[in-house]
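Letter by letter, the chains look like this.
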Amino acid sequence: MLNRLKTHSVLPGFGLGLGYTLLYLSLIVLIPLSALLFKTSSLGWADFYSTVTSPRVMASYQLTFGASLLAALLNLVFGMLVAWVLVRYQFPGKRLIDALVDLPFALPTAVAGIALTQIYAPNGWIGEKLAPLGIKVAFTPLGVVVALTFIGLPFVVRTVQPVLQALDRDQEEAAATIGASRFTILRRVVLPAIAMPLTTGALLSFARAIGEFGAIVVVAGNIPLRTQTAAVYVFGEIESDNQRGATAMSVVMLLIAFSLVLLVDYLQRRRHE
């Protein structure tokens, strides 16, 4: 009976399944990325280096990675706090807040950019309160950080939340019975248990941020050398019909993104060992 079920299974066997997997990945991922690398190879090393190190490009690197790092660090702290509140406390509206955490996943990023611009513009609800203090958010690097924090928050919350739910609270109670303070329990018991998920979530948030386009192009204003991120720069080069410049920059971002993916995969495997 078991052999008959295996023979007539609806799912393909290993050979056929692996073939479909490789074909699908080749069509969707490998071939387009290989074409990008092939087109960039026609530049030559000197042209490639001068293209990806021009002043505008270097300014976009600085803003992209600086703002992404700051947003990831903010999400590291406040994402852990949100996950902690959702796991450890019961309160009215908890399910609604839990659902709102996933909103950046479903919301088109351009819509998020428009919403943030409307709120933080000098005549917006919050922007008009900040303007007398000399604080501008929209169309500044600060607006880029706000947008990247918005789109990256769910990665930290959803990475840490299941670990907190599975965390054995007996150790916390045992530490409390011998007089450990809440801060000591957090530092000695809780944080070591969620350190790896926190790091993974922050890296995912960082990786997502460096490739963000929709929210940034609206809230940042695309000002060269000031609020132009790497993704927006690539789009501008395509609009200017500078295909070589766009592909060269894309290859750099591809290599960085792939390195981050490998690092996240390594940390996840370490977590499950």
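As shown above, the structure is provided for reference.
Residues numbered from 1 in each chain as written. Predicted model: local features only at pLDDT ≥ 70, side-chain atom pairs only at ≥ 80, totals over all residues. Heavy atoms only, no water.

Caption draft 1: The pattern of salt bridges, seen in detail. Tallying each qualifying case throughout the model produces 5 salt bridges. In this structure, Asp98 and Arg158 form a salt bridge, with 2.8 Å as the shortest nitrogen-oxygen distance. Taken together, the residues Asp98 in helix H5 (residues 94-101) and Arg158 in helix H9 (residues 141-166) connect sequence positions 60 residues apart. A salt bridge links Glu128 to Lys129, with the nearest nitrogen and oxygen atoms 3.2 Å apart. One salt-bridge network, held together by shared partners, links Asp98, Asp102 and Arg158. (Salt bridge = Lys/Arg side-chain N within 4 Å of Asp/Glu carboxyl O. Helix = DSSP H or I, 4+ residues; strand = E, 2+ residues; numbered from the N terminus.)

Caption draft 2: Fine view of the side chain of Thr64. Inspection of the secondary structure puts Thr64 in helix H4 (residues 55-88). By relative accessible area, Thr64 is classed as buried at 3%. Within the structure, the side chain of Thr64 is placed 2.8 Å from the backbone nitrogen of Ala230, a separation counted as a polar contact. In contact with Thr64, other than residues within four places in its own chain, are Ile210, Thr229, Ala230 and Met253. (Buried < 20%, exposed > 50% of the residue type's maximum accessible area, 1.4 Å probe, protein only. Polar contact = N/O pair within 3.5 Å; in protein donor to acceptor, adjacent residues only side chain to side chain. Contact = heavy atoms within 4.5 Å.)

Caption draft 3: Quick peek at the nonpolar core. The biggest cluster of nonpolar side chains holds 20 residues, and the ones touching the most others in it are Phe48, Val52, Tyr61 and Met249. Counting residues per element, the ones that place at least two in this core are helix H3 (45-52), H4, helix H11 (182-210), helix H13 (230-239) and helix H14 (243-272). It is H14 that provides the largest number of residues to this core, a total of 8 residues. Setting aside residues up to four positions removed in sequence, Val52 forms contacts with Val57, Met58, Tyr61, Ala248, Met249 and Val252. Judged by nonpolar contacts, the second largest core, of 15 residues, contains Ala67, Leu148, Ala209 and Ala215. (Core = buried A, V, L, I, M, F, W, Y, C linked by side-chain atoms within 4.5 Å.)

Caption draft 4: A look at the packing of aromatic side chains. Scanning the entire structure with this criterion turns up 6 aromatic pairs. Ring plane angle 35 degrees and centroid distance 6.2 Å describe the contact between Tyr61 and Phe65, whose orientation is recorded as tilted. Note that Tyr61 and Phe65 are positioned in helix H4 at a spacing of 4 residues, about one turn of the helix. In this structure Tyr61 comes out as buried when scored by relative accessible area, which is 13%. Taken together, the aromatic side chains of Trp45, Phe48 and Tyr49 make up a single cluster linked through ring pairs. Above the ring of Trp84, the side-chain terminus of Arg88 is found at 4.4 Å from the ring centroid. (Phe/Tyr/Trp six-rings, centres within 6.5 Å; stacked < 30°, edge-to-face > 60°. Lys NZ or Arg CZ within 6 Å of the ring centre and 35° of its normal.)

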